[in-house]
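# Coordinate inspection notes
Chain residues, written in single-letter form:
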There are 2 protein chains.
Amino acid sequence: MTVLADKSLEPHRLTSAQRVLSILGVFDTENLALSLSDISRRTGLTLSTTHRLLNELRRWGALSRHSDGKYSIGLRILELGTLAPQGGQLREIALPYLHDLQHATRGNIHLGVPEGHDVIYVESLRARDTVPVPSRLGGRWPMHATGTGLVLLAHASQEFQEEVLASKLRRYTDRTLTDPDALRHFLAEVRKSGVAIVQSQLTYDAMAVAVPIRGPRDRVVAAVGITVPLGSPSPHSLVPVLAATSRSISRALGAPSAVTDAGGPRQTAHWQVREVKYSNSAGR
Amino acid sequence: MTVLADKSLEPHRLTSAQRVLSILGVFDTENLALSLSDISRRTGLTLSTTHRLLNELRRWGALSRHSDGKYSIGLRILELGTLAPQGGQLREIALPYLHDLQHATRGNIHLGVPEGHDVIYVESLRARDTVPVPSRLGGRWPMHATGTGLVLLAHASQEFQEEVLASKLRRYTDRTLTDPDALRHFLAEVRKSGVAIVQSQLTYDAMAVAVPIRGPRDRVVAAVGITVPLGSPSPHSLVPVLAATSRSISRALGAPSAVTDAGGPRQTAHWQVREVKYSNSAGR
DNA sequence: GCCCTCTTTCCGTCCAGCGGAAGGGATTTT
DNA sequence: AAAATCCCTTCCGCTGGACGGAAAGAGGGC
């Protein structure tokens, strides 16, 4: 129960900012509400430190406290999160088009952006009467295991691709693409055809179609995807409508290639973001 | 330009946690991307401190940095925000019903929860072909100025209500309810009728209808509202469908009063939250 | 060219944050 | 009912990390 060995092995001297962040970091989909001592144990911080920081975080609104004494992420964080340019902003612009897409196809629609080696879904519209997919707004999945992720990966820098391919690629089903060579081949196909079509990458009963969305300098900034039950009528039939959606959103973001001269006075939202680099999760 | 007076007046010694939070706090809808010196100025922190903290925040993913050197809120925060029980969780459960509601009414739909003296919209579905309302996911508005806010206020504790009524109530239009007595009367009406119907509270060209959503101990935990253009056919006609939506969501949250015996094996999501207190923004 | 603003790095000082410890409350076990 | 566990909260003395000044580097505009 005591952790003498650990303490001596890891230098884990933290900066005070890191302590604060490590507290926020213990919350995840499986740990939505935690007690003081839970948090203290999971962060490795002492009780008194944790206690003090929790109070500061709560006072600010980053955490809320329930009647049973447990802490959860507070609404102030939700509010903050919508200010992320690749999140709330992009979502805001894309949402109407995504709604149209959902009406037209009745599938699960995802809007994904890259972070580290993962995709984050900044929107996830679920069809009620189809296969339940394990996706949610704010969800994070490895790029190599989702349709949208593979599209993003395909359009990332060569260097970044190799970095991802060299990392440990988790296998979710026996059809998950994990072989670097197979992936390289697949990504080349995606670049050539402009669309990624995959089956049973994450779960056995689903297949996905995804295409890139481009922003200002025609850089790929996001990807839209549809997930439908395995065995649905040809996924290829979804490509045209997906492509149209992608083009609409890209135009709204100001992508040069998507702007038609005869487009008329169609309002083009000026996207605040200049460019967000694909960054490796390692940081530093 | 210099702030000598301020510095001497306020003791503003900050804790290190507060410094971190104050950096996050400078981002808002008007300041989505800020430079190091912007942030330094707005927080009052020195350049070197700001610089160090920004790097730590960026490394963790709380902030991202653009090609022009400016910082924005990062996706990790968006991801975290969806873990807020009153946010992501509630939204997840309510979303299908809200979609139905939108189909049935073609209005702007809001799902609001209380925070401090404000409502936060944890979902905002906009109708494309109607009056543009200044609302967005994650948006924050004073309770007294929105339909959903008034519903939440009406069902808050007496003490909390008086606290809000005693505060400075901003007037957005000349029809915004700001008189404490008029508000007390209105809130009593809302409790009695179970619905709030208001006009031109926030903007002149809109009216709103809102009803409460109840959770576990039959406490009011959220409110759904529809906003339609001023002059639409009787807003009263929206009440039944809104009430039905509210009831469905309340049942899904486990509200005793919404559970019908003959309801069948309808799946009732167990809501993680026990209870979240209405808290005054002052903290401490 | 010069000037101005912004970013990055370095380093010595000092005090704020840290963690141990003790106390209080609630619940369960013997 | 006493004892044994938990968990939360508060207090306080010590120390090492955070802080801010300063200076150098990097653009950009005039």
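What you are looking at is a predicted structure, and each value in this text was computed from that prediction instead of being measured. (Residues numbered from 1 in each chain as written. Chains lettered and ligands numbered in written order. Predicted model: local features only at pLDDT ≥ 70, side-chain atom pairs only at ≥ 80, totals over all residues.)

Each copy of the sequence occupies a distinct position, and chain A is placed on chain B by a rotation of 180 degrees and an axial shift of 0.0 Å, giving an RMSD of 0.1 Å. Both copies of the chain, as the preceding transformation shows, are related through a two-fold rotation axis. With an isologous cut-off of 70% or more, the 100% of interface residues of chain A that recur at the interface of chain B puts this contact in the isologous class. (Least-squares fit on C-alpha atoms with pLDDT ≥ 70 in both. Contact = placed C-beta atoms within 7 Å.)

So, about the protein's contact with DNA strand D. Residues in close proximity to DNA strand D total 18 residues, the closest being T15, S35, L36 and S37 of chain A together with S48 of chain B. Breaking the surface near DNA strand D down by element, the ones donating at least two residues are α3 (36-43) and α4 (47-60) of chain A together with α2 (16-25) and α4 (47-60) of chain B. Ranked by residue count, the leading element in the surface near DNA strand D is α4 of chain B, at four residues. Partitioning the surface near DNA strand D into residue classes produces four nonpolar, 11 polar and three charged. (Near = placed C-beta within 6 Å. Helix = DSSP H or I, 4+ residues; strand = E, 2+ residues; numbered from the N terminus. Nonpolar A, V, L, I, M, F, W, Y, C, P; charged D, E, K, R; others polar.)

Residue and element names in this part refer to chain B. Along helix α3 (residues 36-43), the residues classified as buried are I39, S40 and T43. For α3, the angular spread of buried residues about the axis comes to 100 degrees, placing them on one side. If you follow the buried residues of α3, they end up packed against α2, α4 and β2 (71-73). G44 occupies a position one or two residues after α3 and carries a positive phi of about 85 degrees. (Buried ≥ 20, exposed ≤ 12 C-beta atoms within 10 Å, placed from the backbone. Arc of directions from axis to C-beta.)

With that settled, consider the protein's contact with DNA strand C. As a structural note, the neighbourhood of DNA strand C is formed by 18 residues, with S48 of chain A together with T15, S35, L36 and S37 of chain B the closest of them. Contributing elements (two or more residues each) for the surface near DNA strand C: α2 (16-25) and α4 of chain A together with α3 and α4 of chain B. If you tally residues by element for the surface near DNA strand C, the top one is α4 of chain A, at four residues. Classifying every residue of the surface near DNA strand C gives four nonpolar, 11 polar and three charged.

Bringing the environment of S193 of chain B into the picture now. One can find S193 of chain B in helix α9 (residues 180-193). Distance in space between the C-alpha atoms of S193 of chain B and P96 of chain B is 26 Å, their sequence separation being 97 residues.

Bringing the packing of helix α7 (residues 147-154) of chain B against α9 of chain B into the picture now. All names here are of chain B. Direction vectors running N to C along α7 and α9 enclose 85 degrees, while the axes themselves pass 9 Å from each other. Classified by the interaxial angle, the pair formed by α7 and α9 is roughly perpendicular. Between α7 and α9, the contacting residues are L150, V151, L153 and A154 on the first element and F186, L187, V190 and R191 on the second. Counted by class, the contact of α7 with α9 contains seven nonpolar, no polar and one charged residues. (Axes fitted to C-alpha atoms, helices over the stretch in contact; angles between N-to-C directions. Parallel < 35°, antiparallel > 145°, perpendicular 65-115°, else oblique.)

Residues and elements named next belong to chain A. The strand order across the open sheet formed by six strands is β5-β4-β3-β8-β7-β6, and the pairing between neighbours is antiparallel. Here the strands that pair on one side only, and so sit at the sheet edges, are β5 (140-142) and β6 (196-199). Taken pair by pair, the neighbouring strands of this sheet meet at an average axis angle of 30 degrees, ignoring direction. Set on the sheet, helix α6 (residues 85-105) makes contact with β3 (108-115), β4 (118-125) and β8 (220-229); between it and β4 the angle comes to about 55 degrees. (Pairing = 2+ DSSP bridges.)

Quick look at the confidence of the model for chain A now. Should the pLDDT be low somewhere, the predicted coordinates at that spot are not to be read in detail. Residues and elements named next belong to chain A. Overall, the predicted model of chain A reaches an average pLDDT of 85, with 84% of residues at or above 70. Overall, residues 261-268 carries pLDDT values under 50, and its contacts beyond four positions in sequence, including any with other chains, amount to three contacts. When the criterion is pLDDT under 50, residues 277-284 qualifies, and its contacts beyond four places in sequence or with other chains add up to 12 contacts. (pLDDT = per-residue confidence, 0-100.)

Residue and element names in this part refer to chain A. If you check the backbone angles, S200 has positive phi at about 50 degrees while not being a glycine. Tracing the backbone through its elements, the reader meets S200 in the loop between β6 and β7 (206-214). Given 16 C-beta atoms within 10 Å, S200 falls into the partly exposed group.

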